[in-house]
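Residues per chain are reported as follows:
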Amino acid sequence: MSEVERIELLIPAQGGDGVRAAALRFSQKNHPGFEFVIKESLDYSTLVTLLKSGNADLAAVSGKWWYQNRDNNLFPALLLPRKEPTQVLISEDKPDYLPRKAIVVTDSELIRRQMLRTRPDLKIKTTKELEIKAEDDIETTCLLEDMRIKGDINGYIIGRSLHEVLPFRSRRHTLGIQRGKPERDHFIPPPLEGITVFLARKGFPETTFSEINDGGTAVALRLEMAALDAIEKSLHPLVGMVIEQRKISTFLKEAEKYGDEKMIESLIDADGKLKQSGTRIEMIIELLNPNGKITARVERLFKSDKAFTSMARVIEEWKTLLEIMTMEHEEDVRLGLSASGAMMKID
């Protein structure tokens, strides 16, 4: 009989970012050679303190929290498959069919701008503007649902992970990335959305979970964190970004489904066969002006073995685009060009 290693895993007592639910689902599955024992703690700060004190082997946190609280004494020992990084609109109707000047609530400036891109007539409110005070995201959402039922608001936007742990069920409408659908509105999610990280102390054997670690999520975490480090911090709340590693055959199927001839030509040869097998990494990054009418966006597909170099080039390309679009243009008599204002403003 093979020996089973007992792993103590700290998880938050509650929370709407999906980490607790993802960790519980993971621990309930069969992982040959390991027994994951759950220990609860109040919040991320507390459980990480307990981890560093030697009270457990691992601590579950969100990718966003880890980015904001990186610690040289800890490292990501295990990554779970990424939860679909999309937001959901809780309302009776899809965005296109909401009443004119409908009131929709979100605390994300990125999503506020994306919703205005879709429906310029909407009235987007924050929980602060509505004077909503609650202990956590779940309580806040329950209060918003009461307001929606009463007719005080038409809808509100939350993360898919939060929606899954609510004590009620209402109609939801996914605000998706909509790959390959140029006619649909795109909602590129905030960076690091849907990522669950199991942290360990430095010195913990890094290859312990190599068989069950999700490689695609590991790539996304490293690249999105590095990309954020290269972007001015004040812009982080305004940036939509997703990086995903997928099989080349998956990209081809999507391109064929939606008639993306340019993508198809880049992936197959004259005989209709894949030029290469394996994986590619897709990166999308965007920033909108305050009324959502103008978007600075770059979307690229690159090889996995050149991931960091390619990601850095995409960021530089996007920064250059943003600089040009926000630049004031002086009069150029020689070229016959009159002075003009910036194409877009960020604030």
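A brief report on the enclosed structure follows.

Conventions we followed
Residues numbered from 1 in each chain as written. Predicted model: local features only at pLDDT ≥ 70, side-chain atom pairs only at ≥ 80, totals over all residues. Heavy atoms only, no water. Pairing = 2+ DSSP bridges. Helix = DSSP H or I, 4+ residues; strand = E, 2+ residues; numbered from the N terminus. Axes fitted to C-alpha atoms, helices over the stretch in contact; angles between N-to-C directions. Contact = heavy atoms within 4.5 Å. Phe/Tyr/Trp six-rings, centres within 6.5 Å; stacked < 30°, edge-to-face > 60°. Buried < 20%, exposed > 50% of the residue type's maximum accessible area, 1.4 Å probe, protein only.

A word on the sheet that holds strand 12 (residues 279–288). Across the sheet, which stays open at both edges, the three strands sit in the order 11-12-13 with antiparallel pairing between neighbours. This sheet does not close on itself; its edge strands, each paired only once, are strand 11 (239–247) and strand 13 (295–303). Geometrically, the sheet is characterised by an average inter-axis angle of 10° between neighbouring strands, direction not taken into account. Where strand 11 and strand 12 come together, nine bridges link them in antiparallel fashion. Residue pairing across strands places methionine 241 opposite isoleucine 285, the latter belonging to strand 12. On top of the sheet, helix 4 (residues 109–118) reaches strand 11, strand 12 and strand 13; it is set at about 85° to strand 12, its chief contact. Sitting on the sheet, helix 10 (residues 307–325) touches strand 11, strand 12 and strand 13, and the angle it makes with strand 13 is about 160°.

This part covers the packing of aromatic side chains. Per the counting criterion, the structure on display carries seven aromatic pairs. Judged by centre distance (4.9 Å) and plane angle (70°), the ring pair of phenylalanine 26 and phenylalanine 36 falls under edge-to-face. A residue pair is termed long-range when its members are at least 10 positions apart, and phenylalanine 26 in helix 1 (residues 19–28) and phenylalanine 36 in strand 2 (residues 34–41) qualify at 10 residues. Per residue, the accessibility class of phenylalanine 26 equals that of phenylalanine 36, and both read buried. Centre to centre, the rings of phenylalanine 34 and phenylalanine 36 are 6.0 Å apart; their planes meet at 40°, and the pair counts as tilted. Look at phenylalanine 34 and you get buried, because its relative accessible area is 18%. Since its relative accessible area comes to 10%, phenylalanine 36 is described here as buried. In textbook terms, an aromatic cluster arises when at least three aromatic residues are bridged by ring pairs, as seen for Phe26, Phe34, Phe36, Phe198, Phe204 and Phe209.

Before going further, it helps to spend a moment on the side chain of arginine 280. Mapped onto the secondary structure, arginine 280 falls in strand 12. Setting aside residues no more than four positions away along its own chain, arginine 280 makes contact with Glu244, Gln245, Arg246, Ile248, Phe251, Leu301, Phe302, Lys303 and Ser304.

Of all 10 residues making up strand 12, nine are buried, and the element is well covered by its neighbours. Two elements, strand 12 and strand 13, share nine bridges in a ladder whose sense is antiparallel. Each residue of the ladder has a partner; that of glutamate 286, found in strand 13, is arginine 297. Between strand 12 and strand 13, which follow one another and run antiparallel, lie six residues, and glycine 292 among them has a positive phi close to 75°.

Limitation: the analysis is restricted to geometry and does not speak to function.
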